[in-house]
Structure formats: structure tokens, C-alpha cells
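Commentary on secondary and tertiary structure
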Protein chains: 2
Amino acid sequence: MTETPGRRRLKPSARRRQILDVATREIAASGFRGASLAEIAESVGVSQPGLLHHYPSKAALLLAVLEQKSAEDTKLVDEVFADAEGTVGQAMTALVEMNQRDPERLRLYTVTAAESIDAGHPAHDFYLQRYRTIRARLAGRLTKDCDRGRLPESLDVDEVAAEILALLDGLQFQWLLDPSVDMTRPVKAYFARLYGKAK
Amino acid sequence: MTETPGRRRLKPSARRRQILDVATREIAASGFRGASLAEIAESVGVSQPGLLHHYPSKAALLLAVLEQKSAEDTKLVDEVFADAEGTVGQAMTALVEMNQRDPERLRLYTVTAAESIDAGHPAHDFYLQRYRTIRARLAGRLTKDCDRGRLPESLDVDEVAAEILALLDGLQFQWLLDPSVDMTRPVKAYFARLYGKAK
């Protein structure tokens, strides 16, 4: 792509938003390893040195993409947990329904999280921390549900937190691979069993 | 690596086994996209044209690796299902315990499955079919457990099959990323709840 008219008129903050949008799309499609800085620069309509002026490396760009999505997620999760009377089951069901409307975000996480098992991957520490934080947050909310008598007091909340996170990740993967898979029904059925019929 | 003495003496079948072993390790570590034919050839001790003589492309090599692992898996699953009296819960718990001894296989699947969401990935159809087959097989065995009164007759076996597969995938990912996560305890607790205390 050649330079587009007016591209120099974008403010640096607008340019960075544009780069992040394009990078999110490319990395969600091809992973960190498959994404190409040259193609991202071309889609944005800047040179590679122009791109590197904003983000000094592909790793820095990946982390910026993940940090941005993560901040959006925190808002989303705050929203689904905002109803203090709601259970973890209700919050997670709402979250899956929202996620279903944003496959690109799910795909970005699924692909880069799997790559990041490699300790040398730039997002390894990001995901290690992210999963610990999510499990701890879920366990805290499950404890509340136990305290309120919505779940049995004997429940091991740390185990169930890992289980819920695994279930959501796994169903989201199945749905991304094969959109004929319905991911909301199994989630609802799972929580109906966990909370008992009275959910 | 330079040519090692005696490398020409390997039979083609032995050479192919050696290539598959090295490719499995490399693809498990870096994914299909991150793995390099040049590095695989170097680790095997053959030239790149020598490697391409056995597997004509990186895609062909990936599929050969996945077909081989898949054949091993079928044996493993036949083994855990061999006890006709055993429930799906018992079989899956045994499977997770076996998987825990073979992180390389889990990692190969986790990384290449996530990449394969992309419809242009060489393993896309492999995984689409693999997940459909596993869900159908699980659903069939769950139906048996319902028929024998081990699970409620009202259980939606297709939903629960997707759920079990998701749970195992998700916990395996958490464990691969962070070996401090215990994946067998949540699996046991999940099935204890699903089958009732009498499991």
C-alpha cells in the first residue's frame, strides 16, 4: 500500500489506536508468531520504521494489544459482577454471552495464550499473571456464594475457580473452531448443576 | 550441525520416525508457525531437500505428526475405556493422569489446535474432525452411564460431552502454562459432583 493522503495529519495517539486495532486483528488471525510487522505497517499505511517509532518491537506491540484488551476485560467483568446479589454462575453466563459477540477478542486470547506456554514467548508472564489473577478473583466471588448459602460450604473454591475458567476457555475454543458448537447452553447447564435446581 | 557419521545407513522408515520425533518436539515448543524446517532438518542431521524427500512440506510434516499422535491417543482412550464397568468419569480421570506424564503431547495439541482456528491453517480440518469425533464418542459413553443408572436420564449427553472436553483442555492449558496448577484434583472433584457422592 502506498501512503494515503492525509496520513501525516493523524495525532500520535490516534495513530497508536489505529496501529493497535490493526495489530489486534492480525495477531488474532495468525498469532504472535504468524503476524508480520511488515503487513501490519502496510495495513495501517505507514512504513515499518514509522510503526517501530510507536512500538519498538513486535513483542512490545503484542503486549500493548494484550494490555488494552485486558483493561477492556476488567471493565466487562466489573460490569457482570456489579450486581452484588448475582452469583458467579449468573456473572459467568452473562460474560459468555457478551464474549460470543466479540470472537476477535476470544481468538486473540486463545491463540496467544497457547503460544505463551513457551517460557520464551513475550506474553508468558502476562498470561501466568492473568490466570492467577482470574482464578483468585473467581475464588473470592465463589466464597461469597458459599457464605450466602448459594453454594455448599464444603466447596473447594480454588479448585472450582480453575474448573470454571477451564470450562469457559475450552468451550470458547470449540466454538471458535466450529461455530456450530453452542457454548452458552453447556455453560448454563453446568451452573444449573453447580448451584442446584434453585440457581 | 554437520552430517553425522552413519546417517546414510538409516532405513527410510527409521529416518521418518526420527524426523517425526524431532518435528513433534519442535512443533510442540513453537507451534506450526514458529517451527522451522531448516532447524528440524539440522536437528535430524539431514539437509532440507533430504527432509523434503520424506515429507514434501511443513504442512505435510505437521499432519504426519498429528496423525501419529492421534493413533497413539486412540490406543490410550481404548485402554481407559476397556473396563466396560468403568464410568466416563473414571476413564477421563485415568486419561488426565496419563496425560500428566506426557506434557509434550498435550503441548503439541494445545498450541496447534489454537493456531488451527484459522481456516487456512493446515490442521484446521484435522481438528474440526477430531473434536467432533471425541464429542460423539464421549456422548456415546455418557449415554451408557445414563442407561446403567450412573447418571440421570435427563442429562443432555451432547452438552456434557462438550463440557468434559472443554474442562480437560482448559485445565491442561493452565497446567502447561503454570505447573503449580493441579489438574487432577479439579477433574476428580468435577466428576464426583457429576456422578453424585456414590461415584
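Here the structure is a predicted model, which is why all the values come from computation and not from measurement.

**Considerations on the packing of aromatic side chains**
Residue and element names in this part refer to chain B. One pass over the structure, following the stated rule, counts 11 aromatic pairs over all chains. Pairing Tyr127 with Tyr131 gives two aromatic rings, centres 6.4 Å apart and planes at 50°, and the pair type is tilted. Placement of the pair is Tyr127 and Tyr131 together in helix α7 (residues 124-147), with a separation of four residues, close to one helical turn. With a relative accessible area of 7%, Tyr131 lands in the buried category.

**A look at the environment of B:Ser70**
Residue and element names in this part refer to chain B. Structurally, the position occupied by Ser70 is in helix α4 (residues 58-80). For the pair Ser70 and Ala59, spaced 11 residues apart in sequence, the C-alpha to C-alpha distance is 16 Å. Contacts of Ser70, omitting those with residues within four sequence positions, involve Tyr109, Phe126 and Arg130.

**Regarding the pattern of salt bridges**
Applying the stated criterion across every chain, the model contains 26 salt bridges over all chains. In this structure, the salt-bridge partner of B:Asp118 is B:Arg33, at a minimum N-O distance of 3.4 Å. Remark: B:Arg33 occurs in helix α1 (residues 12-34) and B:Asp118 occurs in the loop between α6 (103-115) and α7; sequence separation between them is 85 residues. For B:Asp118, a relative accessible area of 23% translates into the label partly exposed. A residue is classified by how much of its surface remains accessible, and B:Arg33, at 19% relative accessible area, is buried. For B:Arg130, the salt bridge goes to B:Asp73, with nearest N and O atoms at 3.0 Å. In this pair, B:Arg130 is assigned in helix α7 and B:Asp73 in helix α4, connecting sequence segments 57 residues apart. Per residue, the accessibility class of B:Arg130 equals that of B:Asp73, and both read buried. The network of salt bridges with common partners includes A:Asp73, A:Asp102, A:Arg105 and A:Arg130.

**Details of the UniProt feature "DNA-binding region" (unreviewed entry) in chain A**
Under the local residue numbering, the UniProt record ascribes the feature "DNA-binding region" (unreviewed entry) to residues 36-55 of chain A. Between the end C-alpha atoms of residues 36-55 of chain A the distance is 14 Å, and the span holds 75% helix and 0% strand.

**What to know about the side chain of A:Asp73**
Residue and element names in this part refer to chain A. Using a relative accessible area of 9% as the deciding quantity, one classes Asp73 as buried. Within the structure, Asp73 has its side chain in polar contact with the side chain of Tyr109 (distance 2.7 Å). Apart from residues lying up to four places away in sequence, Asp73 is in contact with Arg105, Tyr109 and Arg130.

**A word on helix α9 (residues 184-195) of chain B**
A rise of 1.5 Å per residue sets the reference length of α9(B), with its 12 residues, at 16 Å; its end C-alpha atoms lie 16 Å apart and thus fit the reference within 8%. Taken residue by residue, α9(B) has B:Thr184, B:Pro186, B:Val187, B:Tyr190, B:Phe191, B:Leu194 and B:Tyr195 as its buried positions. Down the axis of α9(B), the buried set is contained in an arc of 165°. They therefore lie on one face. If you follow the buried residues of α9(B), they end up packed against α8 (157-177) and α9 (184-195) of chain A together with α5 (88-99), α7 and α8 (157-177) of chain B. One or two steps after α9(B), the chain reaches B:Gly196, where phi turns positive at roughly 80°.

**Re the layout of surface pockets**
Estimated volume of the second largest pocket: approximately 550 Å³. Sorting the residues of the lining of the second largest pocket by element identifies α8 and α9 of chain A together with α8 and α9 of chain B as the ones contributing at least two each. Class assignment of the residues belonging to the lining of the second largest pocket gives a composition of 14 nonpolar, two polar and eight charged.

Rules used throughout
- Residues numbered from 1 in each chain as written.
- Chains lettered and ligands numbered in written order.
- Predicted model: local features only at pLDDT ≥ 70, side-chain atom pairs only at ≥ 80, totals over all residues.
- Heavy atoms only, no water.
- Phe/Tyr/Trp six-rings, centres within 6.5 Å; stacked < 30°, edge-to-face > 60°.
- Helix = DSSP H or I, 4+ residues; strand = E, 2+ residues; numbered from the N terminus.
- Buried < 20%, exposed > 50% of the residue type's maximum accessible area, 1.4 Å probe, protein only.
- Contact = heavy atoms within 4.5 Å.
- Salt bridge = Lys/Arg side-chain N within 4 Å of Asp/Glu carboxyl O.
- UniProt positions renumbered as here; feature names shortened; annotations may be inferred.
- Polar contact = N/O pair within 3.5 Å; in protein donor to acceptor, adjacent residues only side chain to side chain.
- Expected span 1.5 Å × (residues − 1).
- Arc of directions from axis to C-beta.
- 1 Å grid on protein atoms, 1.4 Å probe; cavity = no way out; pocket = protein on both sides within 12 Å on 5 of 7 lines; lining within 4 Å.
- Points joined across faces, edges and corners; volume = space filled by probe spheres on them.
- Nonpolar A, V, L, I, M, F, W, Y, C, P; charged D, E, K, R; others polar.

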